Each structure stands twice: as structure tokens, then as C-alpha cells.
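Geometric and topological summary
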Amino acid sequence: MRQASQSDKRRKDTREKIQLGGLIAKAGLRYEKRALLLGLLIDGTRRIKGDENERERLTAIGAEAFSDDTE
């Protein structure tokens, strides 16, 4: 039972990482350096902490990008 649970956790983790990679590609950042990507994410985290307007603005941008999906 424990082995199945470990396997499920690994599978879930792998799926999550693939989805996160897909977000990077969707944002048009596929070929950027990892340091730049991490910097963008850290900066974004700082921007949204305590700033509900910025969080809503960025959420709207993301929602619009998802609604433009033709897949």
C-alpha cells in the first residue's frame, strides 16, 4: 500500500511540473534563461503580496490568455 501511495505522489508531482512548464511556454518564455524566469516569478510574488489590485490585474491577464486557447 505504501509503495502505491509513493507512486501516486510521484505521478501527481510529475504532472504538476509538466503543467507548470506548459505555463512558461504559454507565456512565450520557453527559451528564456532559468535565472530570468525565477527572477520574474520572485518579482511577481513580491508585487502581489499585500496588493490586491496587482493580483487582480495579473489574474485578469492570465484568464484572458486562457480564454484565447484554441486547443
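Residues numbered from 1 in each chain as written. Predicted model: local features only at pLDDT ≥ 70, side-chain atom pairs only at ≥ 80, totals over all residues. Heavy atoms only, no water.

**Concerning the overall build of the protein**
As a reminder of what qualifies: Each helix corresponds to a stretch of at least 4 residues labelled H or I by DSSP, and each strand to a stretch of at least 2 residues labelled E; elements are numbered beginning at the N terminus. Buried means the residue's accessible area, taken with a 1.4 Å probe over protein chains only, is under 20% of the maximum for its type, while exposed means over 50%, and partly exposed covers the values in between. Reported accessibility uses the Shrake-Rupley method at a 1.4 Å probe radius. Residues are deemed covered only where the shown protein chains occlude them. His residues and chain termini do not enter the charge count, which takes Lys and Arg as positive and Asp and Glu as negative. We put the charge of a Lys on NZ, of an Arg on CZ, of an Asp on CG and of a Glu on CD.
For the protein, the count of helices and strands is 3 helices and 0 strands. Its helices and strands taken in sequence order, the protein reads α-α-α from the N to the C terminus. For the protein, the spread of C-alpha atoms along the three principal axes comes to 45 × 35 × 25 Å. The burial tally for the protein puts 3% of its 71 residues in the buried class. Per element, the accessible surface of the protein, about 6,800 Å² overall, is 54% carbon and sulfur. Seen as two clouds, the 16 positive and the 13 negative side-chain charges of the protein have centres 11 Å apart.

**Details of helix 1 (residues 2-26)**
Basically, it comes down to this: Given the number of residues in a helix, its expected span is that number minus one, multiplied by 1.5 Å.
Across its 25 residues, helix 1 extends 36 Å between first and last C-alpha, which sits within 8% of the 36 Å expected from 1.5 Å per residue. Within two residues after helix 1, Gly28 carries a phi angle of roughly 80 degrees, on the positive side.

**Thoughts on the confidence of the model for the protein**
Let me state the cut-off plainly: Think of pLDDT as the predictor's per-residue confidence, scored from 0 to 100.
Per-residue confidence for the protein gives a mean pLDDT of 92; residues scoring 70 or more make up 96%. Within the protein, no element has a lower average pLDDT than helix 1, which sits at 92, and none a higher one than helix 2 (residues 34-48), at 96.

**Some words on the pattern of salt bridges**
Counted only if it meets this: When a carboxyl oxygen of Asp or Glu lies within 4 Å of a side-chain nitrogen of Lys or Arg, that pair is called a salt bridge.
Applying the stated criterion to the full structure yields 5 salt bridges. Its salt-bridge partner being Arg11, residue Asp8 comes within 3.7 Å of it at the nearest N-O pair. Taken together, the residues Asp8 and Arg11, both in helix 1 and 3 residues apart, mark about one turn of the helix. Its relative accessible area of 46% is what places Asp8 among the partly exposed residues. Assessed through its relative accessible area of 51%, Arg11 is described here as exposed. In this structure, the salt-bridge partner of Arg47 is Glu54, at a minimum N-O distance of 3.4 Å. Three or more residues are tied together by salt bridges with common partners; here these are Asp43, Arg47, Glu54 and Arg57.

**Re the side chain of Glu54**
Defined as follows: Contacts between residues were defined by any pair of non-hydrogen atoms, one from each residue, lying within 4.5 Å.
With respect to the helices, strands and loops of the structure, Glu54 is situated in helix 3 (residues 52-67). Glu54 has contacts with Arg47 and Ile48, leaving out every residue within four places of it along the chain.

**Brief notes about a nonpolar patch on the surface**
Rules: Each patch is assembled from residues with relative accessible area greater than 30% and no salt bridge, linking like charges that lie within 9 Å and nonpolar side chains (Val, Leu, Ile, Met, Phe, Trp, Tyr) that lie within 5 Å.
Residues Leu20, Leu23 and Phe66 make up a contiguous nonpolar surface patch of roughly 300 Å² in combined accessible area. Inspection of the secondary structure assignment puts Leu23 in helix 1.

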